[in-house]
Amino acid sequence: MKTIELKLGERSYDIHVESGLLKKIPSILADQNHGQKWIIISQYNLMELFGFDLMSKLKKEGFECDYITLPIGEAAKSMNEFSRAISQMIEMKCDRSTTILALGGGVVGDVAGFVASSFMRGIEYYQIPTTLLAMVDSSIGGKTGINIAEGKNLVGSIYQPQGVLIDPAILESLPREEVISGLGEVIKYGAIRDVEFLNNISEWLDDIDSFPFEKAVQRACEIKAEIVSLDEREDGLRKLLNFGHTVGHALEAHLGFGRIRHGEAVLLGMKCAGWISEQLGFLSPLENKSLNKIIDKLTLPNVSKVDPNTILSFVKKDKKVRNGILHFVVLDALGKGNTSELVSETLIMNSLKVIR
Ligand code: GLY
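This one's a predicted model, so the numbers in the text were calculated from it and none came from an experiment.

Draft legend 1. Geometry of the side chain of Q127. Relative to the assigned elements, Q127 resides in strand 6 (residues 124-129). Residues contacting Q127, with those up to four places away along its chain left out, are A102, G109, S139, P161, G163, V164 and L165.

Next up, the structure:
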């Protein structure tokens, strides 16, 4: 088992990555079981796939365990579902010693983390991510949140889990296209922080059926853990994790969430950001070509019909705009991300030509 420490002083925690780890969760958590209630927050389909089995194994080892399900999709990230989960925990007689296990993708992790951060002013929780995106990104770093009518993730907190338990073997039971699209986030880590990893990913993509997910997840988690431990509150370095996300989020918002996968939107967004980095003289044309060659090894959706003005209107609403200034993530070189305040609206509009 690979164990990566996310160093945050007293709030440090371990990220465990190993294929087959799901079966070992009762023994990994045994030391933390002091007779409290353990609540799995998940979705019903995931309970059927993994959760009921996990719950029975935990019970066999003496854990007092119950579960709460959320609806599928973004609908779960609502004030209603948040408050329903809290009420259910009160009915289940949970208290300040209760520990939550967030079993699911980004949506489950965000809601369960927010429930943990606010139930009785904060209780302990673990992330058990079940999608590639959640394994390499959302389960690590403590971002939690829900959506309100005015926008996504406008209510939430940064509240670190006690640990992250990752079983990459889970990916084998997921739709192939879903997993492959998630590689966008993995490529991102290589692009912003580790050119050697980026080159490895490029080689691995030549034989996608043998893609070493466990190795890739481990390295991505190491990079994310390092970045979060250096900048938990996203004052500087953590912003680099938004590489490809400015245009990516705008594409998702424009096309409608669910119409384009997040990983696919990030892949397209990275192409735009690569082009912008080259135009500004940060990234050499050769390096931008290499980045595009890697991204093009994956199947990208057709976005020829997106309207640049609509994309721009979403970019302006983005959370990366602070005090009216957009902190756009660029590449100074492959493996070296940076932020720039020089990225104009025109440049963003023009960059869309590389994906349309
Ligand atoms: N998903 C980006 C971050 O955790 O900062």
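Draft legend 2. Broad picture of the environment of Q32. You can see Q32 is positioned in the loop between helix 1 (25-29) and strand 3 (37-43). Q32 sits in the partly exposed class, given a relative accessible area of 33%. With 222 residues separating them in the primary sequence, Q32 and H254 have C-alpha atoms 45 Å apart. Discounting residues that sit within four places of it in the chain, Q32 has contacts with W38 and Y126.

Draft legend 3. Molecular detail of the nonpolar core. Core analysis: the largest hydrophobic core is formed by 94 residues, its most contacted members being I15, L132, L183, I187, F243 and I348. Those residues in contact with F243, other than ones at most four positions away along the chain, are K188, A191, I192, V266, M270, A273, L291, V329 and L331.

Draft legend 4. Representation of the site of the ligand within the structure. Taken together, the residues surrounding the ligand are D137, K143, K224, E234, R238 and L241. Here a nitrogen atom of the ligand sits 3.0 Å away from a polar atom, N or O, in the side chain of D137. Note that an oxygen atom of the ligand is positioned 3.0 Å from one of the side-chain N or O atoms of K143. Burial of the ligand by the protein amounts to 86% of the accessible area it has alone, namely 200 Å².

Quick notes on the rules
- Residues numbered from 1 in each chain as written.
- Predicted model: local features only at pLDDT ≥ 70, side-chain atom pairs only at ≥ 80, totals over all residues.
- Heavy atoms only, no water.
- Helix = DSSP H or I, 4+ residues; strand = E, 2+ residues; numbered from the N terminus.
- Contact = heavy atoms within 4.5 Å.
- Buried < 20%, exposed > 50% of the residue type's maximum accessible area, 1.4 Å probe, protein only.
- Core = buried A, V, L, I, M, F, W, Y, C linked by side-chain atoms within 4.5 Å.
- Near = heavy atom within 4 Å.
- Polar contact = N/O pair within 3.5 Å; in protein donor to acceptor, adjacent residues only side chain to side chain.
- Areas by Shrake-Rupley, 256 points an atom, 1.4 Å probe, with all protein chains shown as cover.

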